[in-house]
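Each chain is listed here by its residues.
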Amino acid sequence: MKPGIVELDDNYILWTVLAFIWLTYLWETYLTWRQRCIYTNAKSVPTEIESIMDQETYDKSRRYQLDKTNFGLVHGVFNQIETAVVLTFGGLPYIWGVSGDILRSFGYAAEEYEITHSLVFLFLAAIYGTVTSLPWTVYSTFVIEERHGFNKQTMSFFIKDQIKSFVIFQSITLVIMSGLIYIIKVGGDYFFIYCWVFVIVVSLVMITIYPDYIAPLFDKFTPLPEGDLKTEIEKLAASIKFPLTKLYVVEGSKRSSHSNAYFYGFFKNKRIVLFDTLLENYKPPKDESEKDKESAAAGDSQEEETTEELKESKAEEKVEPKKGCTDDEVVAVLSHELGHWSLNHVFKNFFIGQANILVCFAGFAYLLKYSQLYTSFGFYDGQPILIGLLIIFSYIFAPYNQIESFLMTMLSRRFEFQADEFGRALGYSKLLQSALIKLQKDNLGFPVVDWMYSMWNYSHPPLLERLAALQSTTSKQD
């Protein structure tokens, strides 16, 4: 045992971990319940938001958020009980034992092949996690999101998506964990520094390859067509010296009607991606096969449909309200997003994240050989590195993780206000306000929030706070 580490009873460590998990759960459930009371009781549009949201949209938003919250509360109880049962009744050592048995069935001594043993454990744990979470995911997607008009996936699309996600995620995770465990085994006293460097390299590689090679496996990316929107975005980028090289539209509408925009890339090679659901007037370019199909369908319909039916069809199309932002509003949204780049928010978040990882690896190095951490969780015959990583990072560091997460949430909100101010300084205050209101409505975000719930959970400030800040700075400028 290392100097300075106090001998503790095995049960004391496990029960302390469980107590903190339950305390965290009760605290977060209390906050959620506070917000749920607002969804339940605030049935009329408050006076201060009558100018930005009508009663019908307000009711839709309230019902959507209430459904999501009720689902989250039930799901949270299940997850909490599942975690407590797994830890209390030796679920981790059981899966570790089964993975060892599988390895031995192929003629390998599990004790001599720790990395392989660890990978089998991870794979089994991933299968267990997927099986237990899948019913919840299906209900969330095909009941709640479907009920409120957001889900656009078919069941076959969903199944293919889940399979691809599992295969790709496992392929990446198993390779990374193999490297990490190997470094810990051979790295000596300063292995935590080598692990930190390894994680930095992996992070940079993933940032580089994910948008170009992994994301297109799930969604279709097409260049933004020539036109006013592209011209205005390029002007915006040039005005702040943002090194824009490509503009893409991602076909997110096949998955959901929620909208977003982001940028990525290193140094002088930046790209911007817009969700098609963000663009009010966007029509995806059609390939030749789609054009042929439409031509054939149009020919058939002209023979079969009467003029009166066509008029009715057009009338129905006019009734359906448009979603998304105008071209000018999209540019305003991007002025906010590029504000994050100009103000170095991405770099600051990356730096803080890597510093946090270094601190965690240093703490892990100090606790790695503390045998009672393993025996407390049912590992009496050895101290597997992977299990040490899991126990220390997930459970022993849990109080630190909660504090760090809360501080990062506060920092994120600060960054969002700064990015809004950046867009305002470029002259986009009014357009950014109207875009934020539209996005809130389109995504059925509820405008009334409990201050404690918001403080703990929201990485972005609530809509009314952002509008107030933009209006305040606009008034000062005027």
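Residues numbered from 1 in each chain as written. Predicted model: local features only at pLDDT ≥ 70, side-chain atom pairs only at ≥ 80, totals over all residues. Heavy atoms only, no water.

1. Notes on the packing of aromatic side chains
The following threshold applies: Between rings of Phe, Tyr and Trp, where Trp is taken as its six-membered ring, a pair exists when centres lie within 6.5 Å; planes separated by under 30 degrees are stacked, by over 60 edge-to-face, and by other angles tilted. We call a residue buried when its accessible area falls under 20% of the maximum for its residue type, exposed when it is over 50%, and partly exposed in between, using a 1.4 Å probe and counting protein chains only.
The tally for this structure, following the rule as stated, stands at 25 aromatic pairs. Taken together, a centroid distance of 6.3 Å and an interplanar angle of 40° make the contact between Y262 and Y264 tilted. Judged by its relative accessible area of 28%, Y262 falls in the partly exposed class. Residues Y453 and Y458 carry aromatic rings whose centres are separated by 5.8 Å and whose planes lie at 80° to one another, so their mutual orientation is edge-to-face. Looking at Y453, the relative accessible area reads 16%, which means it is buried. Here Y458 falls in the partly exposed class, since its relative accessible area comes to 21%.

2. A closer look at the pattern of salt bridges
Our working definition: The term salt bridge refers to a side-chain nitrogen of Lys or Arg lying within 4 Å of a carboxyl oxygen of Asp or Glu. Under the scheme used here, helices are H or I runs from DSSP no shorter than 4 residues and strands are E runs no shorter than 2 residues, and both carry numbers assigned from the N terminus.
Enumeration according to the criterion identifies 15 salt bridges in this entry. Measuring nitrogen to oxygen at the nearest pair gives 2.8 Å for the salt bridge that ties D450 to R34. Taken together, the positions of D450 in the loop between helix 15 (429-442) and helix 16 (451-457) and R34 in helix 1 (residues 10-41) put the pair 416 residues apart, joining distant regions of the chain. Judged by relative accessible area, D450 falls into the buried class, the value being 8%. Between R104 and E111 there is a salt bridge, and its shortest N-O distance comes to 3.4 Å. The network of salt bridges with shared partners includes D101, R104 and E111.

3. Looking at the side chain of Q433
Stated formally: N or O atoms within 3.5 Å of each other form a polar contact, as long as, within protein, one can give a hydrogen and the other can take it, and as long as residues adjacent in sequence are counted only when both atoms are side-chain atoms.
Examined against the element boundaries, Q433 turns out to sit in helix 15. The class of Q433 is buried, set by a relative accessible area of 9%. Within polar-contact distance, the side chain of Q433 engages the side chain of Q471 at 3.2 Å.

4. Here we look at the pairing of strand 3 (residues 261-264)
Basically, it comes down to this: Following DSSP output, two strands are said to pair if at least two bridges run between them.
Bridge count between strand 3 and strand 4 (residues 270-275): 4 bridges; the pairing is antiparallel. Of the residues in strand 4, the one forming a bridge with F263 is I272. Linking strand 3 back to strand 4 in an antiparallel pair, the connection comprises 5 residues, with G265 at a positive phi of about 115°.

5. So, the nonpolar core
Note the threshold: Residues grouped as a nonpolar core are buried Ala, Val, Leu, Ile, Met, Phe, Trp, Tyr and Cys residues, joined through side-chain atoms within 4.5 Å.
Core analysis: the biggest nonpolar cluster contains 42 residues, and I233, I272, L274 and L279 have the highest contact counts within it. For this core, the leading source of residues is helix 10 (residues 327-342), giving 6 residues. I21, F121, I181 and I391 belong to the second largest nonpolar core, which has 40 residues in total.

6. Quick look at the environment of I95
Selection rule: Contact definition: two residues touch when any of their heavy atoms are within 4.5 Å.
Tracing the backbone through its elements, the reader meets I95 in helix 3 (residues 91-105). C-alpha of I95 to C-alpha of L124: the two residues are 29 residues apart in sequence and 7.2 Å apart in space. If we ignore the near neighbours within four places in the chain, the residues touching I95 are F121, L124 and A125.

7. A word on helix 3
What counts is decided by this rule: One less than the residue count of a helix, multiplied by 1.5 Å, gives the span that helix is expected to have.
With 15 residues, helix 3 extends 21 Å from end C-alpha to end C-alpha; this agrees with the ideal 21 Å at 1.5 Å per step. All of the buried residues in helix 3 are G91, L92, I95, W96, S99, G100 and L103. Buried residues along helix 3 sit against helix 2 (55-88), helix 4 (114-147) and helix 13 (385-396). Immediately beyond the C-terminal end of helix 3, within one or two residues, lies G107, with a positive phi of roughly 90°.

8. Points about a nonpolar patch on the surface
Using the following cut-off: Only residues whose relative accessible area exceeds 30% and that form no salt bridge enter a patch; like-charged residues are grouped when within 9 Å of one another, and nonpolar side chains (Val, Leu, Ile, Met, Phe, Trp, Tyr) when within 5 Å. For accessible areas, the Shrake-Rupley method is used with a probe of radius 1.4 Å. Any residue's cover is judged against the shown protein chains and nothing else.
Residues W22, L26, V77, I81, V85 and F89 make up a contiguous nonpolar surface patch of about 580 Å² in total accessible area. Only helix 1 and helix 2 provide two or more residues apiece to the nonpolar patch. Position of L26 among the secondary structure elements: in helix 1.

9. Concerning helix 2
Helix length check: helix 2 (34 residues) gives 49 Å between terminal C-alpha atoms against 50 Å at 1.5 Å per residue, within 8%. Between the side-chain oxygen at the start of helix 2 and the backbone nitrogen of E56 there is a gap of 3.1 Å, and the oxygen is on D54.

10. Brief notes about unusual backbone geometry
Notably, K241 is not glycine yet its phi reads approximately 60°, a positive angle. Along the polypeptide, K241 turns up in the loop between helix 7 (228-239) and strand 2 (244-250). Judged by its relative accessible area of 72%, K241 is exposed. You will see that L444, though not glycine, has its phi angle at about 55°, which is positive. Tracing the backbone through its elements, the reader meets L444 in the loop between helix 15 and helix 16.

On their own, these measurements won't tell you what the molecule is for.
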